Number of protein chains: 2
Amino acid sequence: MKIIIDAMGGDNAPQAPVHAAVLAVQEMDIEITLVGDVELLMAEVNKYGYKGRRITYARADDVISNHEEPAKAVRSKKNASVVVAANLLKNGDGDAMLSMGNTGALLAAGLLIVGRIKGVIRPAIATLLPSAKGPKMLIDAGANTNCKPENLVQFATMGDIYMKKVLKTDNPTVGIISNGEEEGKGDELTKETFPMLKASNVNFIGNIEGRDVMEGTADVMVCDGFVGNVILKTVEGMGHVVSQKVREIFEKNIFTKFAAVLAMKGIRSFKQSMDYREYGGAPLLGTKKPVIKGHGSSDAKAIVSAIYQAKKFVETDVIKSIEKNVTVMEDGIND
Amino acid sequence: MKIIIDAMGGDNAPQAPVHAAVLAVQEMDIEITLVGDVELLMAEVNKYGYKGRRITYARADDVISNHEEPAKAVRSKKNASVVVAANLLKNGDGDAMLSMGNTGALLAAGLLIVGRIKGVIRPAIATLLPSAKGPKMLIDAGANTNCKPENLVQFATMGDIYMKKVLKTDNPTVGIISNGEEEGKGDELTKETFPMLKASNVNFIGNIEGRDVMEGTADVMVCDGFVGNVILKTVEGMGHVVSQKVREIFEKNIFTKFAAVLAMKGIRSFKQSMDYREYGGAPLLGTKKPVIKGHGSSDAKAIVSAIYQAKKFVETDVIKSIEKNVTVMEDGIND
């Protein structure tokens, strides 16, 4: 199996992707193609003394930054690392691709180059969020705004399959994010989607609320990408503020520093359970081949997790299962 | 000044509202009318030995529970405490009303009985959320789903006025919750609203994201009520999970318990800064007279804060200012 990595994307590129690639080929039975400035990437790999053949290179002289208009950049920059990586994947020169760069550009490359699975109206980003009951999936976490009920139903099906196959969750529960738990609560979109999910094959548990995100009430949380993006970033922002405050509390004086030492083990394991890096990347579900988005600020450890997730994504035949199970709408709007 | 309190609503009714009323008339120069089961309320007041004349009573033999359909219940239950309270307010038998009961019922009573300010299309709930930079306002926090751009523009104006007058925030910054900070990001609603806010009189700083909620980037955060409800409950849920985890960490063994003692002061002040009870209730903005929603789980301390906020709401003439400043749409859809 070969994983293609856009080695030029993300806050810590190319150092972190290269370091992760070196670790990953030693830990897992995979090959990796690093895409980007080949001389630079080779020099980075050499730093770790890696001499094996399981890391290969593909040249890409351009990069799409976080400030560019994604679809336009993907169309015009043929030599951008994410574009070259997506073309390699499309042409069968690898089994999955991973990028820590511009999310919109990865989405556009997934959609325009790798292509949608037949029947999937819109691919969605599925992010794993920490919760009191372990990692739970939020789908769509930001790929699509102004979704229609049929989009949300497909997101539910795709999320269900991924949780079953990759996360080995038995009969995952699926909830729809709403503004109240009672049936009948919601905006137009969620009210229309509710009966469709009820009639679908997923294990639908009805409306869930914002408070259920951290409680971990549902294994798969379905929502429009605008709402998903707001949830994801609210949780990230709150995590950031809380850990900053906790640090301030314990760095105050010699007594609090001593307190930190005494409670270190618990604090560390709590921080770990809230750490997105443990959960690998966010799969883009609905493309013809596996595409994974790593967090922009990923370090090597986070990228190794994402590579591991890409490997499981390939091995478990998620895509075939989506092809078979996605509800194809009859009026032909799917294609 | 007289504040009308629905003393039968909320998880801790009637004990907490009565206790709060007794504390409030001693701390502030106000009168309070307690609405509900008069004998029960009098017996509760007697427990505190209060003999003054500044607490009066109004009879309401019915209650609207959290499980009833709000608008229907408000229309049919003429003797429900929230309905009686709203009628007292409407008839001038008080200057503001406060309820900790069913949010939807309070909204319906505000809309149907107290009535909208001329020109206001839809009143909105404005909640103060803790942030790294102090309390910030989220509007609409859940009163309206499927908003239109003109609604959001009015929410911005009303939130701006409340922050200036009641919270004494100088030239409050106003942001619109979106899925990216760049201009051009957003769903249809926020993209259409953006130029309207830019052209309005508020101090508009553009799109803000979920992470800005806790960072406190904007003084007033404008959004559709569906999104606002999801944000509010995500923050509440995360606060709940985090404080539970922190408790577990420190209760683990004798060392961690000692650590808790050493860091107690910092932990307590952090918890306090994250405590919604410090911020009083959530005003319903856009009704002809001040209506305040207290949190359902409010204790007496939280209700005293809400009473104090109701008092400032009245004193600062927020409603006159909304009447003057709200943008009246020309096609007559306002009335």
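Residues numbered from 1 in each chain as written. Chains lettered and ligands numbered in written order. Predicted model: local features only at pLDDT ≥ 70, side-chain atom pairs only at ≥ 80, totals over all residues. Heavy atoms only, no water.

### What about the overall build of chain A?
And step 1. A count of helical and extended segments in chain A gives 13 helices and 11 strands.
And step 2. Relative to its length of 335 residues, chain A is compact, with a C-alpha radius of gyration of 20 Å against a globular reference of 20 Å.
And step 3. Along the longest, intermediate and shortest principal axes, the C-alpha atoms of chain A span 60 × 60 × 35 Å.
And step 4. Out of the 335 residues belonging to chain A, those deemed buried represent 59%.
And step 5. Per element, the accessible surface of chain A, about 14,100 Å² overall, is 49% carbon and sulfur.
And step 6. Taken as two groups, the 41 positive and 41 negative side-chain charges of chain A have centres that lie 4 Å from each other. (Helix = DSSP H or I, 4+ residues; strand = E, 2+ residues; numbered from the N terminus. Rg over C-alpha atoms; globule rule 2.2 N^0.38 Å. Buried < 20%, exposed > 50% of the residue type's maximum accessible area, 1.4 Å probe, protein only. Areas by Shrake-Rupley, 256 points an atom, 1.4 Å probe, with all protein chains shown as cover. Lys, Arg positive; Asp, Glu negative; His and termini not counted. Charge placed at Lys NZ, Arg CZ, Asp CG, Glu CD.)

### Focus on the interface of chain B and chain A
And step 1. Contacts between the two partners involve 44 residues from chain B and, on the opposite side, 44 residues from chain A.
And step 2. Buried area between chain B and chain A, both sides added, is near 4,200 Å², and the carbon and sulfur share of it is 74%.
And step 3. Counting across the interface, chain B meets chain A through two salt bridges.
And step 4. The partner of E209 of chain A in a salt bridge is K233 of chain B, and the shortest N-O contact between them spans 2.2 Å. (Contact = heavy atoms within 4.5 Å. Buried area = accessible area lost by both parts, 1.4 Å probe. Salt bridge = Lys/Arg side-chain N within 4 Å of Asp/Glu carboxyl O.)

### With respect to the packing of aromatic side chains
Residues and elements named next belong to chain A.
And step 1. Following the criterion strictly, the structure yields six aromatic pairs over all chains and no others.
And step 2. Judged by centre distance (5.1 Å) and plane angle (75°), the rings of F194 and F204 are edge-to-face. Placement of the pair is F194 in helix α7 (residues 188-199) and F204 in strand β8 (residues 203-208), with a sequence separation of 10 residues.
And step 3. Judged by its relative accessible area of 9%, F194 is buried. (Phe/Tyr/Trp six-rings, centres within 6.5 Å; stacked < 30°, edge-to-face > 60°.)

### Observations concerning the pattern of salt bridges
Residue and element names in this part refer to chain B.
And step 1. One pass over the full model with this rule turns up 20 salt bridges over all chains.
And step 2. One salt bridge in this structure joins K311 and E315, with 3.0 Å as the shortest N-O distance. Linking K311 with E315, this pair stays in helix α12 (residues 300-315), spanning four residues, or about one helical turn.
And step 3. Of the residues examined, K311 reaches a relative accessible area of 15% and is grouped as buried.

### Topic: empty space enclosed by the protein
Which parts of space are left empty comes out when a probe the size of a water molecule is rolled across the atoms.
Residue and element names in this part refer to chain A.
And step 1. Under the criterion given, the structure shown has two cavities of 30 Å³ or more.
And step 2. Roughly 50 Å³ of internal volume is contained in the largest cavity.
And step 3. Forming the boundary of the largest cavity are D6, G9, V63, I64, S81, V82, S99, G101, N102, A105 and L106.
And step 4. Its residues placed into classes, the lining of the largest cavity shows five nonpolar, five polar and one charged. (1 Å grid on protein atoms, 1.4 Å probe; cavity = no way out; pocket = protein on both sides within 12 Å on 5 of 7 lines; lining within 4 Å. Points joined across faces, edges and corners; volume = space filled by probe spheres on them. Nonpolar A, V, L, I, M, F, W, Y, C, P; charged D, E, K, R; others polar.)

### Section: the side chain of S131 of chain B
All names here are of chain B.
And step 1. Looking at the element boundaries, S131 is found in the loop between β5 (124-129) and β6 (136-139).
And step 2. Within the structure, the side chain of S131 is placed 2.9 Å from the backbone nitrogen of K133, a separation counted as a polar contact.
And step 3. For S131, the side chain forms a polar contact with the main-chain oxygen of G134, separated by 2.6 Å.
And step 4. Ignoring anything within four residues of it in the chain, the contact list for S131 reads K136, V213, M214, E215 and G216. (Polar contact = N/O pair within 3.5 Å; in protein donor to acceptor, adjacent residues only side chain to side chain.)

### A look at helix α2 (residues 38-47) of chain B
Each α-helix turn comprises 3.6 residues. Residues three or four places apart therefore point the same way.
Residues and elements named next belong to chain B.
And step 1. Along α2, the residues that are buried comprise V38, L41, E44 and V45. Along the axis of α2, the buried positions cluster into a sector of 125°, meaning they face one direction only.
And step 2. Buried residues along α2 sit against α1 (15-27), β2 (31-36) and β3 (55-59).
And step 3. At the C-terminal side of α2, G49 shows a positive phi close to 70°. (Arc of directions from axis to C-beta.)

### So, the relation of the copies chain B and chain A
And step 1. For the pair chain B and chain A, the best superposition has an RMSD of 0.0 Å and corresponds to a rotation of 180° with a translation of 0.0 Å parallel to the axis. The relationship between the two copies is best expressed as a two-fold rotation axis. Ranked by how close their C-alpha atoms come to the rotation axis, the residues of chain B are headed by A259 of chain B, at 1.9 Å.
And step 2. With an isologous cut-off of 70% or more, the 100% of interface residues of chain B that recur at the interface of chain A puts this contact in the isologous class. (Least-squares fit on C-alpha atoms with pLDDT ≥ 70 in both.)

### Details of the pairing of strand β1 (residues 2-6) of chain B
Sheet faces and side chains relate simply in a regular strand, where the side chains alternate between the two faces.
Residues and elements named next belong to chain B.
And step 1. Counting buried residues along β1, four of its five residues qualify, which places the element largely inside the surrounding structure.
And step 2. Both β1 and β2 contribute to a ladder of five bridges, which runs parallel. Along β2, the bridge assignment pairs I4 with T33.
And step 3. At this point the chain moves from β1, through α1, to the parallel β2, and the crossover so formed is right-handed.
And step 4. Bridge count for β1 against strand β4 (residues 96-99) is four bridges, and the pairing is parallel. Bridged to I3 within β4 is A96. (Pairing = 2+ DSSP bridges. Right-handed = clockwise from strand over helix to strand, strands pointing away.)

### Let's talk about the layout of surface pockets
And step 1. Space inside the second largest pocket adds up to approximately 700 Å³.
And step 2. For the lining of the second largest pocket, the class distribution of residues is 17 nonpolar, four polar and 10 charged.

### Remarks on the nonpolar core
And step 1. Formed by 107 residues in total, the largest nonpolar core has its most connected members in M97, I177 and I231 of chain A together with M97, I177 and I231 of chain B.
And step 2. If we skip the residues at most four places from it in the chain, M97 of chain A touches I4, V82, A85, A86, L89, L106, P290, V291 and I292 of chain A.
And step 3. Listed in part, the 63 residues of the second largest apolar core include L152, Y162, F313 and V314 of chain A. (Core = buried A, V, L, I, M, F, W, Y, C linked by side-chain atoms within 4.5 Å.)

### As for the sheet that holds strand β3 (residues 55-59) of chain A
Working definition: the strands of a sheet are paired by backbone hydrogen bonds and lie parallel or antiparallel to each other.
All names here are of chain A.
And step 1. Strand order in the open sheet made by the 11 strands is β3-β2-β1-β4-β11-β10-β5-β6-β9-β7-β8, with mixed pairing throughout. Where the open sheet ends on each side, the last strands, each with one partner, are β3 and β8. Averaged over all pairs of adjacent strands, the angle between strand axes in this sheet comes to 25°, irrespective of strand direction.
And step 2. Inspection of the sheet shows strand β5 (residues 124-129) paired to strand β6 (residues 136-139) by four bridges, in the antiparallel sense. Residue L129 lies in a different strand from β6, and its bridge partner there is K136. (Axes fitted to C-alpha atoms, helices over the stretch in contact; angles between N-to-C directions.)

### What about the side chain of S99 of chain A?
All names here are of chain A.
And step 1. Locating S99 in the fold gives a position in strand β4 (residues 96-99).
And step 2. For S99, a relative accessible area of 1% puts it in the buried group.
And step 3. Side-chain polar atoms of S99 contact the backbone nitrogen of G101, separated by 3.0 Å.
And step 4. Apart from the residues within four sequence positions on either side, S99 is in contact with D6, V82, L106, I292, K293 and G294.

### Concerning the confidence of the model for chain A
Residues and elements named next belong to chain A.
And step 1. With 96% of its residues at a pLDDT of 70 or more, chain A has an overall mean of 92.
And step 2. This stretch, residues 330-335, has a pLDDT under 50; its non-local contacts, to residues over four places away or in other chains, come to 12 contacts.
And step 3. In the predicted complex, the global pTM is 0.90; the interface-specific ipTM is 0.89. (pLDDT = per-residue confidence, 0-100.)

### Concerning the packing of helix α9 (residues 225-250) of chain A against helix α9 (residues 225-250) of chain B
And step 1. At a closest axis distance of 10 Å, the pairing of α9 of chain A and α9 of chain B adopts a crossing angle of 35°. As α9 of chain A runs across α9 of chain B, the sense of the crossing is right-handed. Side by side, α9 of chain A and α9 of chain B meet where F226, V227, V230, I231, T234, V235, M238, G239, V242 and F250 of chain A of the first sit next to F226, V227, V230, I231, T234, V235, M238, G239, V242 and F250 of chain B of the second. (Left-handed = near helix turned anticlockwise from the far one by under 90°.)

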